[in-house]
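# Overview (structure and organization)
Read off the chains here:
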Amino acid sequence: MLAWLCRMRQHYLALNNLLLNNILKTLRCLIVGLEVCMAASHKPPLGSLALIAIVIGLGAAIFAYTAGWFSPQRLTPDRLVAAFAPPTGVALGHRRNHAKGICFTGVFEANGAGSELSQARVFARGQYPVVGRFNLGTADADAPDATVRVRGLGIQISTPDGQQWRSAMINAPVFAVSTPQAFYELLRASHSKDPDAMKAFAAAHPEFAKFGDWAKNGPWTGSYAEERYNSLNSFVFVDGSGAKHAVRWSLLPVAQLVAVSADELAKRGPDFLEQEITQRVASEPQRWTMVVTVANPGDPTADPTVAWPADRRSIEIGALTAQQVQAERDGPCRDINFDPTVLPSGMRTSDDPFPAARSSVYAKSYDLRTAEAKDYPRSVTGAKP
Amino acid sequence: MTSRHERFTGWQRLLHWVMAACILAMLFIGVGMVSTVKPLYLTLVSIHKPLGIAILVLAVVRLALRLRYGAPSLPADLPEPMKLAAEGSHYALYALMIGMPLIGWGMLSAAAYPVVLFRGWHLPAILRQSDSLHTLLWDAHFYLAFVFFALILLHVAAALFHALVRRDGVFETMASVFTGGEVAPAE
Ligand code: HEM
Ligand code: HEM
Ligand code: HEM
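This section reports on the structure supplied with the text. This is a predicted model, so every value here is computed, not measured.

Cut-offs applied
- Residues numbered from 1 in each chain as written.
- Chains lettered and ligands numbered in written order.
- Predicted model: local features only at pLDDT ≥ 70, side-chain atom pairs only at ≥ 80, totals over all residues.
- Heavy atoms only, no water.
- Near = heavy atom within 4 Å.
- Helix = DSSP H or I, 4+ residues; strand = E, 2+ residues; numbered from the N terminus.
- Nonpolar A, V, L, I, M, F, W, Y, C, P; charged D, E, K, R; others polar.
- Donors = N, O, S within 2.8 Å, 3.2 Å for Na, K, Ca; no water.
- Tetrahedral: all angles 85-135°; square planar, octahedral: opposite > 155°, others 65-115°.
- Buried < 20%, exposed > 50% of the residue type's maximum accessible area, 1.4 Å probe, protein only.
- Phe/Tyr/Trp six-rings, centres within 6.5 Å; stacked < 30°, edge-to-face > 60°.
- Lys NZ or Arg CZ within 6 Å of the ring centre and 35° of its normal.
- Axes fitted to C-alpha atoms, helices over the stretch in contact; angles between N-to-C directions.
- Parallel < 35°, antiparallel > 145°, perpendicular 65-115°, else oblique.
- Left-handed = near helix turned anticlockwise from the far one by under 90°.
- Contact = heavy atoms within 4.5 Å.
- Polar contact = N/O pair within 3.5 Å; in protein donor to acceptor, adjacent residues only side chain to side chain.
- Salt bridge = Lys/Arg side-chain N within 4 Å of Asp/Glu carboxyl O.
- Patch = residues over 30% accessible without salt bridge, like charges linked within 9 Å, V, L, I, M, F, W, Y side chains within 5 Å.
- Areas by Shrake-Rupley, 256 points an atom, 1.4 Å probe, with all protein chains shown as cover.

### Examining the site of ligand 2
Residue and element names in this part refer to chain B. In the vicinity of ligand 2 there are 20 residues, among which His16, Arg66, Tyr94, His155 and Thr173 approach most closely. The set of elements that each furnish at least two residues to the shell around ligand 2 consists of α1 (10-33), α2 (40-69), α3 (80-110), α4 (131-166) and α5 (170-175). The class makeup of the residues in the shell around ligand 2 is 14 nonpolar, four polar and two charged.

Pasting the structure below:
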């Protein structure tokens, strides 16, 4: 035992110059313990070697734990992305959701009114270039347009200071579920072979009913230009004085909404929406006004299934104009990730858990689809790789 | 305490330990952030980018110091293969300290993401948008991260081996961050 103590003291002398004194003290205690255990063997370096093995093994184990390798139940971007896969297989090279879409370019014209809510440059009166994408909420890139209930719009607005505001909005007035976890369960239920899975899901998630009601009874239209697109998620705007405002925003179509029955739409071609918007924009640029709605204190900001009362203050802050439509295959929206957390300074995420989840999942989807570019080849030779 | 070797200069030691903490943090933040969909994801990403760029800057300073001041020689009795391994792994560590942040930056550039470091503070793109470049760099960032971690584990094992088993003074060349190397009184 004396020999042990001597060795300990030598360790101590060898190491006592260290800033990490405390950590090492703990380690040294470990050695003492180990060496006591191995006292029978009387081979001094064994304890040190075992200690080194423990430090390395522990380091590797904590790393693996952090990476989620021991946590098959953790909801990861990988699992959420995989849950979108349709029974027919994923559309390689395409977005894992909202897989079918068409690009457009245009401008966002700020009228200056938004500056009251946010110091973001994009709200200062002026015109800023936009790259956007009309899309359908489906994982099937070849879905006939009439079969998809949710229509979406992604936009990226760039300002001269190099900042960007990206947003991906949909035509539903509320979202289907309150949390990303519930969204995962919804995907699982909708792909389940169990015929009662969706019923069970709806029963366990009463908040789903509002979305379900819109899906069933809301109007259908024959054009992307006639849809209203909503952020649904809440964000925080920070004004020039540093005051924060919880907001949601929407794009309201200037075009007249003409309700068309789903049966009527089903008779049109599989790509009627894309053809219609291409022709419509070619004959005349299409416009939406952008309206920001400000929450009252106490309004639920973390739950996109709950709309705020209709009397909440809303401010028209500008207009979006789509000037040109381009096929996605060679278009400028193809390799953009309309990640809703790409925000200019003056805007932040709120306590709504969705934007973070969407950001993590969209990045994964982006990584996958850009790596599969050969499965969705560009048609133009000489187009950017 | 006396050591048979001269030591790294104070700045080199300070940088070594500050960067060791930062790089280990980066590796854990990296694998942690890509495995969660919680709001923590955004927090971790917003640390990952500026910290990674800080490491790039520090690594360049460190490389300059290394070229200017050199390193203490390894003990003469260290077996040749171990010397080779030590030198080789140090080259690799320098390459990764500089390469990983550049790859991360290039990967975001090739995907046309704005490389925001702080609110309203962003870096220019260093590559044009390109799905093939993005994929190449993404793979590199992913696999090299694990190479980096494995190398650090080996490096730590070697450092502890010098300190606890060989007790040859190599550990002490890097041990204290204080220039003078005053000895804390042993209790
Ligand atoms: C946790 C919840 C959600 C998940 C997991 C999810 C997943 C996805 C994925 C994987 C993509 C493809 C991204 C890409 O490859 O670029 C996507 C696109 C899109 N999502 Fe979501 N989403 C969620 C919530 C929402 C919400 C709340 C909205 C609407 C307010 C929304 C609207 C859109 C739109 C419009 C697009 C198409 C964007 C584009 O054109 O690139 N999503 N979503
Ligand atoms: C976590 C990331 C780390 C990195 C990237 C790193 C990198 C390096 C590099 C490149 C050197 C060579 C010195 C130079 O030429 O500048 C070095 C030396 C050294 N490192 Fe680390 N290190 C890390 C962590 C650690 C840890 C945790 C320990 C201790 C347990 C450690 C102990 C040492 C020692 C003792 C030396 C001196 C070796 C010699 O004299 O050549 N390092 N390190
Ligand atoms: C010393 C420097 C760095 C280290 C050690 C490091 C390490 C890592 C690790 C371990 C991951 C997770 C890989 C995985 O499991 O998928 C990761 C991902 C990532 N890193 Fe870094 N990183 C560094 C620098 C940077 C920099 C400077 C940037 C950008 C400015 C960056 C951007 C990213 C991004 C965007 C991801 C997520 C990739 C994705 O899955 O889409 N990294 N990094």
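### Notes on the coordination of the iron atom of ligand 2
Residue and element names in this part refer to chain B. Protein coordination at the iron atom of ligand 2: the donors are His16 (NE2) and His155 (NE2), at 2.0 Å from the metal. Its six donor atoms give the iron atom of ligand 2 angles of 88 to 179 degrees at the centre, a pattern that matches the octahedral case. Of this pair, His16 sits in helix α1 while His155 is found in helix α4, placing the two residues 139 residues apart along the sequence. Overall, the relative accessible area of 12% leaves His16 in the buried class.

### With respect to the packing of aromatic side chains
Per the counting criterion, the structure on display carries 25 aromatic pairs over all chains. The rings of A:Phe63, A:Trp69, B:Phe28, B:Trp138, B:Phe142, B:Tyr143, B:Phe146 and B:Phe149 are connected pair by pair, giving a single aromatic cluster. Above the face of the A:Trp214 ring, A:Arg149 is positioned so that its terminal group lies 4.3 Å from the ring centre. One cation-aromatic arrangement involves A:Arg149 over A:Trp220; the distance from NZ or CZ to the ring centre is 4.2 Å.

### Concerning the packing of α1(B) against α4(B)
Helices that pack against each other are described as a pair by the angle of their axes relative to one another and the distance between those axes. Residue and element names in this part refer to chain B. Following both chains from N to C, one finds α1 and α4 inclined at 135 degrees, their axes separated by 11 Å at the closest point. Regarding the angle of α1 to α4, the classification is oblique. Both α1 and α4 take part in a crossing whose hand is left-handed. Residues His16, Ile23, Leu24, Leu27, Phe28 and Val31 of α1 form the contact with α4, whose participating residues are Ala145, Phe146, Phe148, Phe149, Ile152 and His155. In the contact of α1 with α4, the residues fall into ten nonpolar, two polar and no charged.

### Section: the site of ligand 1
All names here are of chain A. Every one of the 26 residues lining ligand 1 counts as a neighbour, but Arg95, Arg133, Tyr362, Ser365 and Arg369 are closest to it. The side chain of Arg133 places a nitrogen or oxygen atom 2.7 Å from an oxygen atom of ligand 1. Between ligand 1 and Arg369 there is a distance of 2.8 Å, counted from an oxygen atom to a side-chain nitrogen or oxygen. In terms of residues, the shell around ligand 1 owes the most to one element, helix α10 (residues 354-371), which gives seven residues.

### With respect to the pattern of salt bridges
Scanning all chains against the criterion turns up 21 salt bridges over all chains. Residue B:Asp131 pairs with A:Arg378 through a salt bridge whose shortest N-O separation is 2.6 Å. Of the two residues, B:Asp131 sits in helix α4 while A:Arg378 sits in the segment after α10, which places them in two different chains. The class for B:Asp131 is buried, based on a relative accessible area of 4%. Accessibility expressed as a relative area gives 22% for A:Arg378, which makes it partly exposed. Because the salt bridges share partners, they merge into one network encompassing A:Arg334, A:Asp335, A:Arg378 and B:Asp131.

### Some words on unusual backbone geometry
Unusually for a residue other than glycine, B:Ala112 sits at a positive phi of about 60 degrees. Backbone geometry at B:Arg167 places phi at a positive 45 degrees, although glycine is not the residue there.

### Description of a nonpolar patch on the surface
Residues and elements named next belong to chain A. On the surface, a cluster of nonpolar side chains totalling about 260 Å² of accessible area is made up of Ile54, Leu58 and Ile62. Secondary-structure assignment places Leu58 in helix α3 (residues 45-66). A residue is classified by how much of its surface remains accessible, and Leu58, at 51% relative accessible area, is exposed.

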